[in-house]
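# Report on the structure
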Amino acid sequence: MDINEEIENEGGIWALEQKIDQPMDEEAGRLKNMYREKKFSVILLLRLAFQSLGVVYGDLGTSPLYVFYNTFPKGIDDPEDIVGALSLIIYSLTLVPLIKYVFIVCRANDNGQGGTFALYSLLCRHAKVNTIPNQHRTDEELTTYSRNTIYKQSFAAKTKRWLEAHAFKKNALLILVLVGTCMVIGDGILTPAISVLSASGGIKINHPGMSNDIVVLVAVIILLGLFSLQHYGPDKVGWLFAPIVLLWFLLIGGIGIFNICKHDKGVLRAFSPLYIFHYFKRRGIHGWISLGGIMLSITGTEALFADLSHFPVSAIQLAFTVVVFPCLLLAYCGQAAYLMKNKEHVYDAFYRSIPDRIYWPMFIVATLAAIVASQATISATFSIIKQANALGCFPRVKVVHTSKKFLGQIYVPDINWILMVLCIAVTVGFKNQSQIGNAYGTAVVVVMVVTTFLMTFVMLLVWRCHWILVLIFSGLSLLIECTYFSSVLFKLNQGGWVPLVIAGVFLLVMYIWHYGTVKRYEFEMHSKISMAWILGLGPSLGLVRVPGIGLVYTELASGVPHIFSHLITNLPAIHSVVVFVCVKYLPVYTVPEDERFLVKRIGPKNYHMFRCVARYGYKDVHKKDDEFEKKLFDNLYMFIRLESMMEGCSDSEDYSIYGSEQHTANENDTLSSVGNSIVGVSSSHTEVDEMEFVISCRGAGVVHIMGNTVVTARKGSRFYKRISIDYIYAFLRKVCREHSAIFNVPHETLLNVGQVFYV
């Protein structure tokens, strides 16, 4: 095999550059580690830990507003029940947020990115579980494509083979991820509702005769303001978040110490787990049901992992162990001490336990903390919607970047207004914390269960832990979470059904969209054009080649799409230069700019046909169209220069002949025979001549050619398939953003090519 054939097998400009200038292994390793290992000074780590309070811990920190009320919605019969409930809260906070999430789950981040899709991306890199098979071996050479070696005889290899064996398992894993994602979206609806409503309830304490409708009205006004200001982004007021949340934690911790000293130091005996046993023995089934309220003490834990992206794990761990965890324990112990002497105040225990002198300042801080907590979950919802969109699991929606400094700060207008309407509907519909708390608990526990299942695979495939350690982690996690889930099931008719309905609707939308996306890709793959047919048409492709460049957008990273044959059989002319552009997302959080584009030639030089694959991670942003186009042509020019340099090193021009990486044996044979007959009559353009030719064609005009594919269910399909494809998917395609809008393609340079296929 000569050097040109080797380059063809590698494919693309990135491989071409590697052939010219091979980096040393040590240097290559250092480049990869740039994206994974960062050392922080003590001062910087403290500053990052301080900033993380406002972004990561707002939701978890506002839980004391409503936990005891939801634990004892019918009042407290025995003061000892308070000690038992406090003991459950203490060990729930210790086992779930502290041990499981902060010290274990947060380490399973994807180069700093957290959430269910980050875990899924890790798994997709270590096993072939991606349902859209559009990856190529060159993708694995990315500096951000970190992946561990799995030995064939290891338990990890057996798990990998088991996952890859059947499409059913891949789909089951995807559905599991989508369920977790949908519950996070439900969290984005319920967190603002319960946090703001609970904080607003403080205005009733000194006015017992005030109607609850006034509290609801105040909460609705705050929520309207919160969602209406989302388009500005948190960047402009984000610097206030950390001081507000830090002040909140210090105040609730200080008030907790005050109440412990003033009312009952005996509540500290709750640190003995023995009181949990006495609690269940005394209360029986009612104690079991009350776990739904206890679980609200750990809400926000899943948001902790989802909001991981801007801070190192060490900063998250430092903030939690030094500030968050001790202050929350003091706050709950203080409320419990107050309730030991004032058990009739359980309905508004938080505000009743505040000393009179600082009541109104505390009310203001509580309201601000509730707003910060709501903002964190809304931002996490926007982020996870974008990730789902990038991985083909959500309809295309407009994404606005609200900050030039932080690319992770985004605003999704359509989702924002949907969240606002649903959040206000929940607040007005339930009007009390208890039912919203039941709904909130359902959403949170389902996300935790999903995370546990995904972590099981991550520990086996990515970390390659011993199966006994994996069994211990998964068993203990599921024991705790399923216990909470069984309690939540008792409250389905008291509001717990809300997140299930919301998640069900979003799951239906996401799965149908993904199903349609997969079928469209399969259609493109099965109907792509043979290169022998293209070569048989000759350099003119059987048409008039007019000056200009045609950018043909396709979902295929290899092969010539069916849309091209549809185009040239219906039009009498085609552009002098044709570039097939594929924009695809990889299971990595980002693709470095200098590795984003892969360029290669299709056919002989005188055909002037190229392929360009633009690769993005799920956190990457699309630049404006003119910048995207400029980078595309810059890489095309670089490819032409590098190809010319490589031809100078070889006496063969076979590289310029081959078009696609994936052909059958017969196609390859045909391609070789046709190609060899063409080499002798190939154009004798030099590099400079071809460069000038492409530049002159670009000056003549660039046309963006996009396919407008209509997906229809076959005749005789089952009724649910017809409803899913002909109605739901068709409606989603109609209301979602067009590709031309995403790339900001001007209408005067856009050419849509329609085609229909049946599934």
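A brief structural summary.

Rules used in this analysis
Residues numbered from 1 in each chain as written. Predicted model: local features only at pLDDT ≥ 70, side-chain atom pairs only at ≥ 80, totals over all residues. Heavy atoms only, no water. Helix = DSSP H or I, 4+ residues; strand = E, 2+ residues; numbered from the N terminus. Buried < 20%, exposed > 50% of the residue type's maximum accessible area, 1.4 Å probe, protein only. Areas by Shrake-Rupley, 256 points an atom, 1.4 Å probe, with all protein chains shown as cover. Phe/Tyr/Trp six-rings, centres within 6.5 Å; stacked < 30°, edge-to-face > 60°. Lys NZ or Arg CZ within 6 Å of the ring centre and 35° of its normal. Pairing = 2+ DSSP bridges. Axes fitted to C-alpha atoms, helices over the stretch in contact; angles between N-to-C directions. Parallel < 35°, antiparallel > 145°, perpendicular 65-115°, else oblique. Left-handed = near helix turned anticlockwise from the far one by under 90°. Contact = heavy atoms within 4.5 Å. Nonpolar A, V, L, I, M, F, W, Y, C, P; charged D, E, K, R; others polar. Core = buried A, V, L, I, M, F, W, Y, C linked by side-chain atoms within 4.5 Å. Salt bridge = Lys/Arg side-chain N within 4 Å of Asp/Glu carboxyl O.

Here we come to the overall build of the protein. The helix and strand inventory of the protein stands at 30 helices and eight strands. Looking at the protein as a whole, 57% of its 759 residues are labelled buried. Surface exposure of the protein reaches about 31,300 Å², of which carbon and sulfur atoms provide 62%.

Unlike most non-glycine residues, Arg464 shows phi in positive territory, near 55°. Here Arg464 lies in the loop between α21 (433-461) and α22 (467-489). Non-glycine residue His608 carries a positive phi angle of around 50°. The topology assignment puts His608 in the loop between β5 (597-602) and β6 (609-616). Under the relative-accessibility criterion, His608 is labelled buried at 8%.

Applying the stated rule across the entire model yields 21 aromatic pairs. Ring pairing ties together the aromatic residues Trp248, Phe350, Tyr351, Tyr359, Trp360 and Phe363, which thus form one cluster. The positively charged end of Arg107 is found above the aromatic ring belonging to Trp463, 4.9 Å away from the centroid.

A few words now on the sheet that holds strand β3 (residues 544-554). Here six strands make up an open sheet; going across it, the order is β5-β6-β4-β3-β7-β8 and the pairing mixed. The sheet is open, and its two edges are formed by β5 and β8 (750-758), each paired on a single side. Across the sheet, the mean angle from the axis of one strand to that of its neighbour is 25°, orientation sign disregarded. In this sheet, β6 lies alongside β5 in antiparallel orientation, the contact comprising six bridges. For Lys600, the partnering residue across the bridge sits in β6 and is Arg611.

Bringing the packing of helix α10 (residues 167-200) against helix α23 (residues 497-526) into the picture now. Relative orientation of the contacting elements α10 and α23 amounts to 135°, with a least axis distance of 8 Å. Considering the angle they form, α10 stands oblique to α23. As for the relative orientation of α10 and α23, their crossing is right-handed in sense. Two secondary-structure elements touch here, α10 through Asn171, Leu174, Ile175, Leu178, Val179, Thr181, Cys182, Met183, Ile185, Gly186, Ile189 and Leu190 and α23 through Pro499, Leu500, Ile502, Ala503, Phe506, Leu507, Met510, Tyr511 and His514. Among the residues making up the contact of α10 with α23, the classes are represented as 17 nonpolar, four polar and no charged.

This part covers the side chain of Ser374. Counting through the fold element by element, Ser374 comes out in helix α19 (residues 359-390). Ser374 sits in the buried class, given a relative accessible area of 0%. For Ser374, the residues in contact, after removing those within four places along its chain, are Thr191, Pro192, Ser195, Val196 and Leu226.

What follows deals with the nonpolar core. Soluble globular proteins: nonpolar side chains tend toward being buried together. Ranked by size, the top nonpolar core spans 164 residues in total, and within it Tyr57, Phe117, Trp248, Phe249, Phe350 and Tyr351 carry the most contacts. Among the elements that make up this core, the one with the highest residue count is helix α17 (residues 313-341) (19 residues). The residues touching Phe350, leaving out its near neighbours within four places in the chain, are Pro64, Leu65, Trp248, Ile252, Gln335, Met362 and Ala366. Core analysis: the next-biggest nonpolar cluster, separate from the first, contains 26 residues, Ile549, Val599, Ile640 and Cys697 among them.

On to the pattern of salt bridges, then. Per the stated rule, a full pass over the model turns up 16 salt bridges. Its salt-bridge partner being Arg282, residue Asp78 comes within 3.9 Å of it at the nearest N-O pair. Within this pair, whereas Asp78 is found in the loop between α6 (67-71) and α7 (79-102), its partner Arg282 is found in helix α13 (residues 274-283), the two being separated by 204 residues in sequence. Classification of Arg282 as partly exposed rests on a relative accessible area of 37%. Between Lys160 and Glu164 there is a salt bridge, and its shortest N-O distance comes to 2.9 Å. Of this pair, Lys160 and Glu164 both sit in helix α9 (residues 155-164), four residues apart, which is roughly one turn of that helix. For Lys160, a relative accessible area of 24% puts it in the partly exposed group. Classification of Glu164 as partly exposed rests on a relative accessible area of 22%. In this structure, a network of salt bridges that share partners links the residues Asp78, Asp81, Arg282 and Arg283.

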